[in-house]
Amino acid sequence: VCGGNGAPLVQEVLDGKGWKRVENPKSLSFKLKWAELKSSINFDALRPGEQLVNHIPNMAAMTTKIGLAMSLRDHCRNLVQRHERGLSRLKPKSLDSFFPQTFNMELKVDREEFLQQYKEGDIWICKPSGCNRGIGIQLMRSLPDICRKFKLEPPQPAMQVAALDDVPEDEDEFPTPGEDKAAATATSGAKAGASRPHVSLSPRQGYIMQRYIARPLLLGGCKFDVRCYMLIAGTTPFVVLYHHGYVRRCAIRYDVDSVDRTAHLTNQAVQRKAAGFEEVKEDTVWSMDQLQDYLSEHWLNPEDGSVIAPDYVAKKMTK
């Protein structure tokens, strides 16, 4: 068991089962290896059927923000091609219908299309590809600021637009976008669619620009999301264990013009910094039963305007 990624909890469970910890993190003699970073695992040396690890090769295609955006883009394009060739009767949904418009700022074609798509008054959320807990995320609507960060040439004279970003002016700029990745699909179909903590981001860190959902669905006036879990227990055969998870809710009411990142980002690591968090922290995490109770009291069924059924969450969101 290496450090990080819930290691103490895993260690406690394994100790209770009588397992013995291998002190050398580079040792190949283990039954289970729990590591925070995939780079800590030598996949070529794994003995199938004898050893388990908590990472999957190539999982960055889904677990990084750039990887997920590009994978969804490619998948939707493939579905369209299958439909056009008569290989599928189902008309595929556009990526924009369920995923905010996203640009991979490591790709020249995406950077150019972003500049073409930008309109005065737009709000964009800039995210480092491989970070979590809200680290490095910025809300931006100033084209001059965006061009400065990414060293882009604006397509028109700079517009004086207020920014939602309160990062100090002497904050390090984002790195100059690198060469387009050969593994990435250089398509122009980028349509898919707070300030950041003082942390040191890797100079090789990639970024996405994503259209911000300025009018989100709210719970009691606060932004929320649903965090659910899937454990891929095996790939041959394919075995997946699912848990419906819980609701993460902001501690303060949502205001699109607010520069307080706790109004925009639901991450618990961000919410803990909200003023008066200790008094409301129990209300920032809801069970799915609590969500059902709230919906039953305050919402109507979007399909027919009737009262929300008592099993709406169970049927629609926890399967």
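Structure first, text after, so check above.
An account of the accompanying structure is given in this report.

Reading the values: the criteria
- Residues numbered from 1 in each chain as written.
- Predicted model: local features only at pLDDT ≥ 70, side-chain atom pairs only at ≥ 80, totals over all residues.
- Heavy atoms only, no water.
- Helix = DSSP H or I, 4+ residues; strand = E, 2+ residues; numbered from the N terminus.
- Areas by Shrake-Rupley, 256 points an atom, 1.4 Å probe, with all protein chains shown as cover.
- Phe/Tyr/Trp six-rings, centres within 6.5 Å; stacked < 30°, edge-to-face > 60°.
- Buried < 20%, exposed > 50% of the residue type's maximum accessible area, 1.4 Å probe, protein only.
- Contact = heavy atoms within 4.5 Å.
- Core = buried A, V, L, I, M, F, W, Y, C linked by side-chain atoms within 4.5 Å.
- Pairing = 2+ DSSP bridges.
- Patch = residues over 30% accessible without salt bridge, like charges linked within 9 Å, V, L, I, M, F, W, Y side chains within 5 Å.
- Salt bridge = Lys/Arg side-chain N within 4 Å of Asp/Glu carboxyl O.
- Expected span 1.5 Å × (residues − 1).
- Axes fitted to C-alpha atoms, helices over the stretch in contact; angles between N-to-C directions.

Moving on, we come to the overall build of the protein. The helix and strand tally for the protein stands at nine helices and 10 strands. Within the structure as shown, the protein displays about 19,500 Å² of accessible surface, and the carbon and sulfur contribution to it stands at 54%.

Looking now at the packing of aromatic side chains. Tallied over the full model, the rule gives eight aromatic pairs. When the centroid spacing of 4.9 Å and the interplanar angle of 75° are considered together, the rings of Phe 114 and Trp 124 count as edge-to-face. Note that Phe 114 is positioned in helix α4 (residues 108–117) and Trp 124 in strand β4 (residues 124–128), a separation of 10 residues in sequence. A relative accessible area of 0% places Phe 114 in the buried class. Ring geometry for Trp 286 and Tyr 294: centres 5.6 Å apart, planes at 55°, overall tilted. In this pair, the class of Trp 286 matches that of Tyr 294, namely buried. Three or more aromatic residues link up through ring pairs in this structure, and these residues are Phe 103, Phe 114, Tyr 118 and Trp 124.

Looking only at α4, the buried set comprises Asp 110, Arg 111, Glu 113, Phe 114 and Leu 115. Residues of α4 that are buried in the fold lie against α3 (65–84), β3 (102–104), β4, α5 (143–150) and β6 (207–211).

Counting 15 residues, the largest nonpolar core has Met 105, Phe 114, Ile 146, Phe 150 and Met 209 as the members making the most contacts within it. Those elements giving two or more residues to this core turn out to be α4, β4, α5 and β6. When residues in this core are grouped by element, the largest group, four residues, is from α5. In this view, Ile 146 contacts Phe 114, Tyr 118, Met 140 and Met 209; residues no more than four positions away in its chain are not counted. Judged by nonpolar contacts, the second largest core, of 11 residues, contains Phe 224, Leu 291, Ile 308 and Tyr 312.

Bringing the sheet that holds strand β10 (residues 285–286) into the picture now. The pairing of strands in a sheet happens through backbone hydrogen bonds and is either parallel or antiparallel. Spatially, the four strands line up as an open sheet ordered β7-β8-β9-β10, and their pairing is antiparallel. Each of the sheet's edge strands pairs with one partner strand only, and the pair in question is β7 (218–219) and β10. Bridge analysis of strand β8 (residues 222–235) against strand β9 (residues 238–249) gives 10 bridges, and the strand direction is antiparallel. Opposite Asp 225, over in β9, you have Arg 248 as the bridge partner.

Together, Met 230, Ile 232, Phe 238, Val 240 and Tyr 242 make up an exposed nonpolar region whose accessible area comes to about 500 Å². Listed by contribution, the elements that provide at least two residues to the nonpolar patch are β8 and β9. It is β9 that contributes the most residues to the nonpolar patch, three residues altogether. Tracing the sequence through the fold places Tyr 242 in strand β9.

The next point concerns the pairing of β4. Counting buried positions along β4 gives five out of five residues, so the element sits mostly inside the fold. Here β4 shows no split at all, with Trp 124, Cys 126 and Pro 128 on one side and Ile 125 and Lys 127 on the other all buried. Sheet analysis places β4 next to strand β5 (residues 138–140), joined by three bridges and oriented antiparallel. Within the sheet, the bridge partner assigned to Trp 124 lies in β5 and is Met 140. As judged from the five bridges shared by β4 and β6, these two strands associate in the antiparallel manner. What sits directly across from Cys 126, in β6, is Met 209.

Our next topic: α3. The terminal C-alpha atoms of α3 lie 29 Å apart, and with 20 residues this matches the ideal 28 Å at 1.5 Å per residue to within 8%. For α3, the set of buried residues is Ile 66, Gly 67, Ala 69, Met 70, Leu 72, Arg 73, Asp 74 and Cys 76. Where α3 is buried, its residues meet α2 (60–63), β3, α4 and β6. Of the residues flanking the end of α3, it is Gly 86, one or two places downstream, whose phi is positive at about 80°.

What follows covers the sheet that holds β3. The strand order β3-β6-β4-β5 describes an open sheet built from four strands, whose pairing is antiparallel. The outermost strands of the open sheet, each flanked by one partner alone, are β3 and β5. Along the sheet, successive strands turn relative to each other by an average axial angle of 25°, direction set aside.

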